[in-house]
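Listed here are the chains, written in short residue letters.
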Amino acid sequence: MFLLYLSPPFSYNERLVMRIQPQLVAAALAISLCFSATAASNKKAPPTVAEAEQFLKNAEARLEKLSDSAQRAAWVYETHITDDTEAISSQANDISLAALGEIALQARRYNGLPLSVENKRKLKLLQLSISLSDSKDREAYTRLASFMSGAYGKAKYCSKPSDEGSCKNLGQLEEILAHSNDPAVLKDAWLGWHKQSASYKDKYAEYVALSNKGARELGYADTGALWRSQYDMSPQEFAQETERLWQQVKPLYDSLHLYVRLKLREKYGAEIVPLTGPIPAHLFGNMWSQSWENLYPLVKPQGQAGSLDVGEVLKQKNTDAQAMTRYAEGFYTSLGMEKLPDSFWAKSMLTKPRDREVVCHASAWDLNNLTDVRIKMCINPTTEDFLTIHHELGHIYYDLAYRNQPYLFKAGANDGFHEAIGDTVQLSVTPEYLNKLGLLKEVPDVSQDIGVLLNRALEKVAFLPFGYLVDQWRWKVYAGEVKPQDYDKVWWELREKYQGVKRPAPSEANGFDAGAKYHVPADVPYARYFVAHILQFQFQRALCKEAGYTGPLHRCSIFGNKKAGEKYQAMLALGTSKPWSEALKTMSGEEKMDASAILDYFAPLKVWLDAQNKALSHG
Ligand code: D0Z
Ligand code: ZN
């Protein structure tokens, strides 16, 4: 949704870090050294509690010291892309992966011992990774990962193959998807981008096989099962939970989908937009139809401003990247949270450098597990970027909040929590708040609520089925249920079933449309974003309650509320020291994920959409 700019290659490092508990990386080697000497004798005698405690203690001590080397290599690579920095970064990853696998295998020795609750949790966290003991496999795995990530980042679509001037990168193609109204131009940009991923389809299939091998070494059925195991429940339970949540929100999505269908039909005609069945995917203002806020001008209610749009004012005021970031920081400090450390301002990359290649795709980094936190982003004065900075600082404030936890607990309660922190803050970026900042001239009155809500729904509700289906597809692929020859077939079955969108043209022979979404070649799990889109409304409902707010949920902003801030901070400070349901309980009193909060939030819009749909369908 906010990916409007060039996305050069993500480093293999980042993927590794996101997939395999970053904090464990460098220390594993150290631990394997400590224990290899005694391995032979350990085989005979069953391990003792004292040995397990020592194992964990050594692990954490070494981790504290060693963990950041791969992260630093990745940072340098992504902010100065050269062959050399890529080599250094991949090398660091290979070492990390080897070490991480070894330590995960060793940790299994201590399973079942009567350890403290905390140590049991640490031991389990250590085993949430893959292990490729065979160095040939491991090298192939890291090589494939680098290749795919590079291929995605470098991909260009040249409408006239002989003319370099006709070539466009992802950022430029996304720009077309966002702003053109010519269906032929949209379709060309869409199809052009979706041609690129075929080049790494075979590599992806090889990579999946190796990844599964690594998951099986540690006893998981496959890599999908490993991913679903990261939520303090069994893989089956997590699949059931996400399905339950999807069923809860589906009626809301259906109402939005129908309303947008009718508006698109008015604009593009019955030929292109059918009355029933899936809608062509190139018409939603986004390469993946994953969020639709670019359609707001087309679908906005008559006479409504919608007015979350601060782009014009930001440009007028010549707001630079640092000032944009200060606005977001200002929100968090208004809750009583600390100011960002000086090093954040000194070391972050906030703008696109002119003299070198960088990865512009926004990201948040925690380099030394203390206060060396940074963001890397190519900020422009737009509404999208304004909101994305709030998302990234959510990661940063989480990192800062849990910095006093023991090493293994420096992570989100689960990855969905990490993704939800900044998005929750985005919900408090209301017209009233923007007006307070001087970024919005007029505060729309209550009668304008529908416009604002619709704008937000195009962003947040439209995302839900996409957030769900990406990993539905990957779970099947990793489980071996879907073979390469059926990648596209099943991808589009899911896209039609959940999003109600269809391919603008028949599938290509040997195409790889799933691979056209960054997180697939980069192998970053995606269910976390679905979870986050449910949780952020639960968080918001709890924080607004704490703030003593009693009005309609969509009009609540917790800006400046220290009480809400304290509640939030207390949850953040737990890191992953407790199962996520306990973290949720400290804040909201709830123990389960619950979509009733997002339904509450959009309740007035649902009524309005259904009325519109009735009128438009009959009109
Ligand atoms: C470099 C991770 C975060 C810490 C994880 C801790 C990181 C990058 C990723 C970037 C974005 C691009 C703009 C917003 C986020 C991304 C998805 C899905 C999405 C998200 C929010 C939303 C709508 C959609 C997309 C991020 N740190 N465990 N990751 N978003 O690995 O160490 O920086 O891809 O409202 O499809 O756009 O989450 O911030 S790191
Ligand atoms: Zn994020």
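Rules used in this analysis
- Residues numbered from 1 in each chain as written.
- Chains lettered and ligands numbered in written order.
- Predicted model: local features only at pLDDT ≥ 70, side-chain atom pairs only at ≥ 80, totals over all residues.
- Heavy atoms only, no water.
- Helix = DSSP H or I, 4+ residues; strand = E, 2+ residues; numbered from the N terminus.
- Expected span 1.5 Å × (residues − 1).
- Bend = angle between axes of the 7 residues up to and from the residue.
- Buried < 20%, exposed > 50% of the residue type's maximum accessible area, 1.4 Å probe, protein only.
- Polar contact = N/O pair within 3.5 Å; in protein donor to acceptor, adjacent residues only side chain to side chain.
- Near = heavy atom within 4 Å.
- Areas by Shrake-Rupley, 256 points an atom, 1.4 Å probe, with all protein chains shown as cover.
- Nonpolar A, V, L, I, M, F, W, Y, C, P; charged D, E, K, R; others polar.
- Salt bridge = Lys/Arg side-chain N within 4 Å of Asp/Glu carboxyl O.
- Donors = N, O, S within 2.8 Å, 3.2 Å for Na, K, Ca; no water.
- Disulfide = S-S within 2.5 Å.

A.B. asks: What am I meant to see in helix 19 (residues 415-427) here?
C.D. replies: A turn of α-helix holds 3.6 residues, and therefore any two residues three or four places apart point the same way. Over its 13 residues, helix 19 extends 19 Å from the first C-alpha to the last, a length consistent with the 18 Å expected when each residue adds 1.5 Å. At I421, helix 19 is bent by approximately 30°, the largest bend along its length. Here helix 19 lies mainly inside the structure; twelve of its 13 residues are buried. Residues of helix 19 that are buried: G416, F417, H418, E419, A420, I421, G422, D423, T424, V425, Q426 and L427. With a side-chain oxygen positioned 2.7 Å from the backbone nitrogen of G416, the residue opening helix 19 is N414.

A.B. asks: Please clarify how the site of ligand 1 should be interpreted in this entry.
C.D. replies: Residues in close proximity to ligand 1 total 25 residues, the closest being A364, E392, K517, Y526 and Y529. E419 is positioned with one of its side-chain polar atoms (N or O) 3.0 Å from an oxygen atom of ligand 1. The contact in question runs from an oxygen atom of ligand 1 to an N or O atom on the side chain of Y526, over 2.6 Å. Protein chains shield 93% of the accessible area of ligand 1, which is 820 Å² for the free molecule. Looking at the shell around ligand 1, the elements with two or more residues in it are helix 1 (12-19), strand 4 (363-366), helix 18 (383-401), helix 19 and helix 24 (527-546). Looking at side-chain class alone, the shell around ligand 1 contains ten nonpolar, nine polar and six charged residues.

A.B. asks: What is the right way to read the pattern of salt bridges from this model?
C.D. replies: Side chains bearing opposite charge may pair, as long as their charged atoms lie close to each other. This structure, assessed with the given rule, holds 26 salt bridges. In this structure, the salt-bridge partner of D254 is K250, at a minimum N-O distance of 3.0 Å. Of this pair, D254 and K250 both sit in helix 13 (residues 235-268), four residues apart, roughly one helical turn. Close ionic contact of R555 with D449 constitutes a salt bridge, the shortest N to O distance being 2.6 Å. With R555 in the loop between helix 24 and helix 25 (562-573) and D449 in helix 21 (residues 449-460), the pair connects residues that are 106 residues apart, well separated along the chain.

A.B. asks: Is there a simple way to think about the coordination of the zinc ion (ligand 2) in this case?
C.D. replies: Reference values for coordination geometry: four tetrahedral donors around a metal ideally subtend 109.5 degrees, six octahedral donors ideally subtend 90 or 180 degrees. At this site the zinc ion (ligand 2) is bound by H391 (NE2), H395 (NE2) and E419 (OE), with donor distances of 2.0 to 2.1 Å. Here the donor residues of the zinc ion (ligand 2) are spaced in sequence according to H-x3-H-x23-E. Of this pair, H391 sits in helix 18 while E419 sits in helix 19, and the two are 28 residues apart along the sequence. Its relative accessible area of 12% is what places H391 among the buried residues.

A.B. asks: Explain the state of the cysteines to me, please; I cannot follow it from the model alone.
C.D. replies: Cysteine pairs can be linked by a disulfide, which is a covalent bond between their two sulfur atoms. Applying the stated rule across the entire model yields three disulfides. Linked covalently through their sulfurs, C158 and C167 form a disulfide whose S-S length is 2.0 Å. Measuring the twist about the S-S bond at about 105°, one finds the C158-C167 disulfide to be right-handed. Between the sulfur of C544 and that of C556 lies a disulfide, 2.0 Å long from S to S. An S-S torsion of about -100° defines the bridge between C544 and C556 as left-handed. Residue C544 is located in helix 24, and its partner C556 is located in the loop between helix 24 and helix 25; the two are separated by twelve residues in the primary sequence.

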